[in-house]
Amino acid sequence: MRYALELARRAAEEGEVPVGAVLVGEDEILGEGWNRPIIEHDPSAHAEIQALRDAGRRVGNYRLPGSILYVTLEPCVMCAGAIVHARVAQVIYGAPDPKAGACGSVFDLLPSDGRFNHRTEVRGGLLAEECGDVLRAFFRARRARLTSARMTRV
């Protein structure tokens, strides 16, 4: 999770919402990613999707059974769907997402929804405070910049 936090900080440096993800299998990193929807002009370029794409390319398969995804923010519905399709065994996330979380905060797609052909184990709250702090600092700085820009126009 510490490495996922480094990747989240990289996203923040690029002006993206600071979320990082690392996919691990058999004690090695299979894939990594950080939020890049603004830079890539791609609404699907979330950290989780980036990590799954990276792992798929490295492994040569979109199915990643037995893998564990560490992500700094609870996955959204889109990412939860990709996680199911990739057959990820476990998701461990840091901060909950009370606006769009799909692992219990808003929706409960992983692992509760038994209608999927694959179930993914979920554990939340790993380094939750630190993951949340990175997000809060980013949005606090963004609000300050917006307020400053408005004030200069007046």
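Residues numbered from 1 in each chain as written. Predicted model: local features only at pLDDT ≥ 70, side-chain atom pairs only at ≥ 80, totals over all residues. Heavy atoms only, no water.

S.K.: Mind laying out the pattern of salt bridges, listing which residues take part and the relevant values?
M.R.: Using the criterion set out here, one finds seven salt bridges in the structure. A salt bridge links glutamate 40 to arginine 36; the shortest N-O distance between them is 3.2 Å. Residue classification places glutamate 40 among the partly exposed residues on the basis of a relative accessible area of 35%. Residue arginine 53 is joined to aspartate 42 by a salt bridge in which the shortest nitrogen-to-oxygen separation is 3.7 Å. Of this pair, arginine 53 sits in helix H3 (residues 47-59) while aspartate 42 sits in the loop between helix H2 (37-40) and H3; the two residues are 11 residues apart in sequence, bridging distant segments of the chain. Judged by its relative accessible area of 31%, arginine 53 is partly exposed. One connected set of salt bridges, linked through shared partners, spans Arg2, Arg9 and Glu130. (Salt bridge = Lys/Arg side-chain N within 4 Å of Asp/Glu carboxyl O. Buried < 20%, exposed > 50% of the residue type's maximum accessible area, 1.4 Å probe, protein only. Helix = DSSP H or I, 4+ residues; strand = E, 2+ residues; numbered from the N terminus.)

S.K.: Lay out the UniProt feature "binding site: Zn(2+)" (unreviewed entry) in the protein chain with the relevant residues and their values.
M.R.: UniProt's entry tags His46, Cys76 and Cys79 with the feature "binding site: Zn(2+)" (unreviewed entry), counted in the numbering of this structure. The greatest C-alpha distance among the residues just named is 9.3 Å, despite their covering 34 residues of sequence, which places them together in space. Here, the largest pocket is lined by His46, Cys76 and Cys79 out of the annotated residues. Residues contacting histidine 46, with those up to four places away along its chain left out, are Asn35, Cys76, Met78 and Cys79. For cysteine 79, the position within the fold is in helix H4 (residues 77-86). (UniProt positions renumbered as here; feature names shortened; annotations may be inferred. 1 Å grid on protein atoms, 1.4 Å probe; cavity = no way out; pocket = protein on both sides within 12 Å on 5 of 7 lines; lining within 4 Å. Contact = heavy atoms within 4.5 Å.)

S.K.: Kindly report on helix H1 (residues 2-13), identifying the contributing residues and their values.
M.R.: Since the α-helix advances by 3.6 residues per turn, residues separated by three or four positions end up pointing in the same direction. Taking 1.5 Å of rise per residue, the 12 residues of H1 would be expected to cover 16 Å, and the 17 Å separating its terminal C-alpha atoms lies within 8% of that figure. Looking at H1, one finds that the buried residues are Ala4, Leu5, Leu7, Ala8 and Ala11. Taken end-on, H1 shows its buried residues confined to a sector of 160°, consistent with a single buried face. Looking at the residues trailing H1, positive phi occurs at glycine 15, about 85°. (Expected span 1.5 Å × (residues − 1). Arc of directions from axis to C-beta.)

S.K.: Tell me about the sheet that holds strand E3 (residues 68-73), and name the residues and values.
M.R.: Here we have five strands laid out as an open sheet, ordered E2-E1-E3-E4-E5, and mixed in their pairing. Every interior strand has two partners, whereas the edge strands, strand E2 (28-34) and strand E5 (121-124), have only one. Neighbouring strand axes in the sheet, compared pairwise and without regard to direction, differ in orientation by 15° on average. Relative to E3, strand E1 (residues 20-25) is paired through four bridges, and the arrangement is antiparallel. Counted as the bridge partner of leucine 23 is leucine 69 from E3. Taken strand by strand, H3 contacts E1, E2 and E3, and its axis lies near 140° from that of E2. (Pairing = 2+ DSSP bridges. Axes fitted to C-alpha atoms, helices over the stretch in contact; angles between N-to-C directions.)

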